[in-house]
Amino acid sequence: MTKSTLIDRYGPTALVTGASDGIGRAFAVQLAEQGFDLILVARREEVLQDMAADIGSRFDVSVRVLAMDLSDRASVTDLLAQTEAAPVGLVVAAAGFGSVGAFHDQDAGSEINMVDLNCRAVVALSHGFARRMVAQNRGGIVLFGSLVGFSGAPMSATYAATKGFVQGFAEGIAAELRPHGVDVLSVAPGPVGTGFASRAGMQMGQAATPDIVARASLAALGRRTTVRPGVLAKGLGWSLAMLPRWGRVRVMGVIMKGMVRKGG
Ligand SMILES: NC(=O)c1ccc[n+]([C@@H]2O[C@H](COP(=O)([O-])OP(=O)(O)OC[C@H]3O[C@@H](n4cnc5c(N)ncnc54)[C@H](OP(=O)(O)O)[C@@H]3O)[C@@H](O)[C@H]2O)c1
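Just so it is clear, the model here is predicted, and its values are computed rather than measured.

*Asks:* Honestly, helix α9 (residues 231-241) in this entry has me stumped. Any pointers?
*Replies:* Residues spaced three or four apart along an α-helix point in a common direction, a consequence of the helix completing one turn every 3.6 residues. Those residues of α9 that sit buried are Ala 233, Gly 237 and Leu 240. Along the axis of α9, the buried residues cluster in a sector spanning 70°; they form a single face. In this structure, α9 carries Val 231 and Trp 238 as exposed residues pointing more than 90 degrees from its buried face. Here the buried face of α9 lies against α10 (245-259).

Take a look at the structure:
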């Protein structure tokens, strides 16, 4: 899709969650480059305000900041209320986090919080905006699965399950919303070089850049339901797809074990 058709199709405003860092931040900058007004969502208000000032000084777009914790049940209701009058045609739901290590050694509260952020908030956000988009007969929703979301993954069991949930959810609503002019994309990258790994207690070898992920995703939106940006996501994804599900679980276990940060 060319730059002009992206804004024609989904403009004028894009809402990006997880905008203060990593992949969400790369999306925000690329969307501003393409002329989208932005609503940036994450917890760290100061970081978002700095970003808003920087983007506002570089591009002729307006930027609004909503600082909130999306794992908090009331926050998506609040977000939907605060954006009721905004002409949001594109939602990028990048906020998320993961963990590695044996499930029984993880903090239960943090694992449950991960489900709240990675799954519950994604459903609530998608529902609110899907209704608005269906009413307008246009829109785009970008959700985040992962290379680890296509089977169970020992040593990252909860995270992989949240991403499997998002993958299945995206595939389901993509088919439902397509006839209403709304495009849904699941972005399923392999390792991406952001702060995600250190926050999850992971170490990564080869990693795609957030810029590559955002660019490939925006190019795929409206054309496909799933995109696997980066060489590793494509190569490893297709090799894993050849295996029976139990084989995928075994390989993912070996990969995730290798990603547990030494001393972490
Ligand atoms: N990096 C990878 O290797 C990789 C691979 C596959 C899939 N993904 C998926 O891609 C998405 C983006 O990951 P990333 O690598 O960009 O991660 P990241 O660099 O850690 O950024 C995560 C973003 O989410 C925000 N966030 C975290 N908790 C939040 C909360 N409770 N409420 C609101 N915002 C919150 C963070 O901002 P604040 O701290 O300011 O809230 C930050 O902006 C995630 O869904 C992740 O699962 C990542």
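*Asks:* How should the site of the ligand be read in this particular structure?
*Replies:* Of all residues adjacent to the ligand, which total 31 residues, the nearest are Ile 23, Arg 43, Arg 44, Tyr 159 and Thr 194. Leu 70 is positioned with one of its backbone polar atoms (N or O) 2.9 Å from a nitrogen atom of the ligand. At 2.6 Å, a side-chain N or O of Thr 194 approaches an oxygen atom of the ligand. Summarising the interface, the protein chains cover 97% of the accessible area of the ligand, which totals 890 Å² for the free molecule. Elements supplying a minimum of two residues to the shell around the ligand: α2 (22-33), α6 (157-177) and α7 (196-200).

*Asks:* What should I look at first to understand the side chain of Ser 146 in this one?
*Replies:* Structurally, Ser 146 is set in the loop between β5 (139-144) and α6. The class for Ser 146 is buried, based on a relative accessible area of 9%. Of note is the side chain of Ser 146, whose polar atom sits 3.1 Å from the backbone nitrogen of Val 148.

*Asks:* Is there a simple way to explain the pairing of β5 in this structure?
*Replies:* Two faces, one strand: in a regular strand the side chains alternate between the faces of the sheet. Of all six residues that make up β5, six are buried, and the element is covered over most of its length. Residues Gly 139, Ile 141 and Leu 143 of β5 are buried on one face, and the alternating residues Gly 140, Val 142 and Phe 144, pointing to the opposite face, are buried as well. Pairing analysis gives three bridges linking strand β4 (residues 88-93) to β5, with the strands arranged parallel. The residue of β5 that forms the bridge with Leu 90 is Gly 140. Crossover handedness for the path β4 to helix α5 (residues 108-136) to β5: right-handed. The β-α-β motif built from β5, the intervening α6 and the parallel element strand β6 (residues 182-187) has right-handed crossover chirality.

About the thresholds
- Residues numbered from 1 in each chain as written.
- Predicted model: local features only at pLDDT ≥ 70, side-chain atom pairs only at ≥ 80, totals over all residues.
- Heavy atoms only, no water.
- Buried < 20%, exposed > 50% of the residue type's maximum accessible area, 1.4 Å probe, protein only.
- Helix = DSSP H or I, 4+ residues; strand = E, 2+ residues; numbered from the N terminus.
- Arc of directions from axis to C-beta.
- Contact = heavy atoms within 4.5 Å.
- Near = heavy atom within 4 Å.
- Polar contact = N/O pair within 3.5 Å; in protein donor to acceptor, adjacent residues only side chain to side chain.
- Areas by Shrake-Rupley, 256 points an atom, 1.4 Å probe, with all protein chains shown as cover.
- Pairing = 2+ DSSP bridges.
- Right-handed = clockwise from strand over helix to strand, strands pointing away.

Structural measurements only, silent on function.
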